[in-house]
Amino acid sequence: MSSRSVNDNVIITCALTGAGDTVRRSPHVPVTPEQIAASAVEAAEAGAAVVHIHVRDPGSGAPSRDPRLYREVVERIKETGTDVVINLTAGMGGDLVIDPDEPLKHLPGTDLVSGLDRLPHVEELLPDICTLDCGSLNFGDGSNLYISTPDMLRQGAKRIQELGVRPELEIFDTGQLWFAKQLLAEGLLDDPTVFQLCMGIPWGAPADPGVLQSMVNMLPEGAQWASFALGRMQMPWVAQSILLGGHVRVGLEDNLYLGKGNKATNAQLVERAVRIVESLGSRVASPDEARQKLGLKSRA
């Protein structure tokens with residue numbers, strides 16, 4: 001497939017909090033449902049058309065899969081009347097931490113459930129979008145694995161399709177993109193397919209422009225896609241994605257800083273992304289434009 005042209009109408013997604021150990025590193029990482037919802041509203045007001053939502057235990061800040069927390073976040077956002085596309089993670093429940101000397105022994109931090117057991121909050125809340133992490137991965141150094149097998153993915157994709165929710169296909173390496181296209185070939189994904197190309201997560205695809213170009217060239221015809229990279233590469237990757245025809249993602253899930261020593265809020269990261277979009281001669285897509293591009297239902 002040939003190279004894509006510059007994207008002139010860019011959807012900005014803000015990934016609000018994630019599941020990483022970032023709470024102790026920045027006071028701006030939202031933890032409680034009230035904080036996460038407020039951060040979503042601020043990000044939307046700054047220009048984000050989509051908010052990507054994880055939840056955390058309000059007491060400890062640890063990542064959580066509790067549907068009650070997701071429900072509270074979504075209800076709080078909707079109560080404000082804020083127009084924003086809701087994207088709920090469905091990636092929690094894939095963590096396996098093994099003892100390298102006794103590989104069948106699971107260590108603390110393991111949270112591994114079936115593909116269907118990662119979806120109860122999606123089944124209840126029916127968000128606009130939920131994520132589908134399209135393969136297993138050595139997740140960082142040490143012995144932490146993210147597990148998402150072909151059987152789990154087929155099971156999850158089928159259920160998401162039945163629910164009428166649009167899956168955002170999280171792609172951490174080229175083999176995962178290959179398999180996502182297999183899901184499409186098997187009829188388990190509906191058009192338009194929506195891809196998030198996740199760069200710079202050890203040990204998946206590196207944040208290398210040539211690798212991103214190769215992955216973009218692998219996308220199926222008509223796909224909508226975005227890309228992000230971690231840490232100091234977040235903002236350069238906004239430009240990189242736009243130049244190759246994609247949408248963008250920023251937020252405290254992936255990066256805590258506006259610059260060295262300058263800790264950011266989600267709204268500030270979105271504001272910076274807006275400036276980059278506009279400096280490249282493109283415009284920021286509204287939530288309604290995002291819905292149209294991503295094949296979502298109109299706002300009720």
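One structure accompanies this document, and this report is about it. No experiment lies behind these values; they were computed from the predicted model shown.

What counts, and where the lines are drawn
Residues numbered from 1 in each chain as written. Predicted model: local features only at pLDDT ≥ 70, side-chain atom pairs only at ≥ 80, totals over all residues. Heavy atoms only, no water. Helix = DSSP H or I, 4+ residues; strand = E, 2+ residues; numbered from the N terminus. Rg over C-alpha atoms; globule rule 2.2 N^0.38 Å. Buried < 20%, exposed > 50% of the residue type's maximum accessible area, 1.4 Å probe, protein only. Contact = heavy atoms within 4.5 Å. Patch = residues over 30% accessible without salt bridge, like charges linked within 9 Å, V, L, I, M, F, W, Y side chains within 5 Å. Areas by Shrake-Rupley, 256 points an atom, 1.4 Å probe, with all protein chains shown as cover. Salt bridge = Lys/Arg side-chain N within 4 Å of Asp/Glu carboxyl O. Pairing = 2+ DSSP bridges. 1 Å grid on protein atoms, 1.4 Å probe; cavity = no way out; pocket = protein on both sides within 12 Å on 5 of 7 lines; lining within 4 Å. Points joined across faces, edges and corners; volume = space filled by probe spheres on them. Nonpolar A, V, L, I, M, F, W, Y, C, P; charged D, E, K, R; others polar.

Re the overall build of the protein
Looking only at helices and strands, the protein features 9 helices and 19 strands. Relative to the 2.2 N^0.38 estimate, which gives 19 Å for 300 residues, the radius of gyration of the protein is 18 Å and therefore close to what a compact globule would have. Judged by the C-alpha coordinates and their principal axes, the protein covers about 55 × 45 × 40 Å. Expressed as a percentage of its 300 residues, the buried residues of the protein come to 52%. Considering only intrachain contacts with a sequence separation of at least 6, the fraction spanning at least 24 residues in the protein is 72%.

Comments concerning a nonpolar patch on the surface
The grouping of Val6, Leu243 and Leu280 at the surface amounts to a nonpolar patch, some 220 Å² of accessible area in total. With respect to the secondary-structure elements, leucine 243 resides in helix H7 (residues 234-243).

Observations regarding unusual backbone geometry
Cis geometry is adopted by the peptide bond preceding proline 192, which originates at aspartate 191 and carries an omega value of -5°. Relative to the assigned elements, proline 192 resides in the loop between helix H5 (174-185) and strand S14 (194-199). That bond from proline 202 to tryptophan 203 is cis: its omega, 5°, falls within 30 degrees of zero. Relative to the helices and strands, tryptophan 203 is located in the loop between S14 and helix H6 (209-218). Positioned with a positive phi, leucine 126 is a non-glycine residue whose angle comes to about 45°.

Examining the pairing of strand S7 (residues 94-99)
The buried fraction of S7 amounts to 5 of the 6 residues, a majority that puts the element mostly inside the structure. As paired elements, S7 and strand S9 (residues 111-112) share 2 bridges and run antiparallel to each other. Paired with glycine 94 across the two strands is leucine 112, which belongs to S9. Relative to strand S8 (residues 102-106), S7 runs antiparallel, the two sharing 2 bridges. Note that in S8 the partner of isoleucine 98 across the bridge is histidine 106.

Topic: the layout of surface pockets
Looking at the largest pocket, its volume works out to about 1000 Å³. Forming the walls of the largest pocket are 41 residues, and the residues nearest its centre are Ala19, Gly20, Phe139, Ile201 and Glu253. Listing elements by their share of the lining of the largest pocket, those giving two or more residues are S7, strand S10 (129-133) and strand S12 (144-146). Its residues placed into classes, the lining of the largest pocket shows 15 nonpolar, 15 polar and 11 charged.

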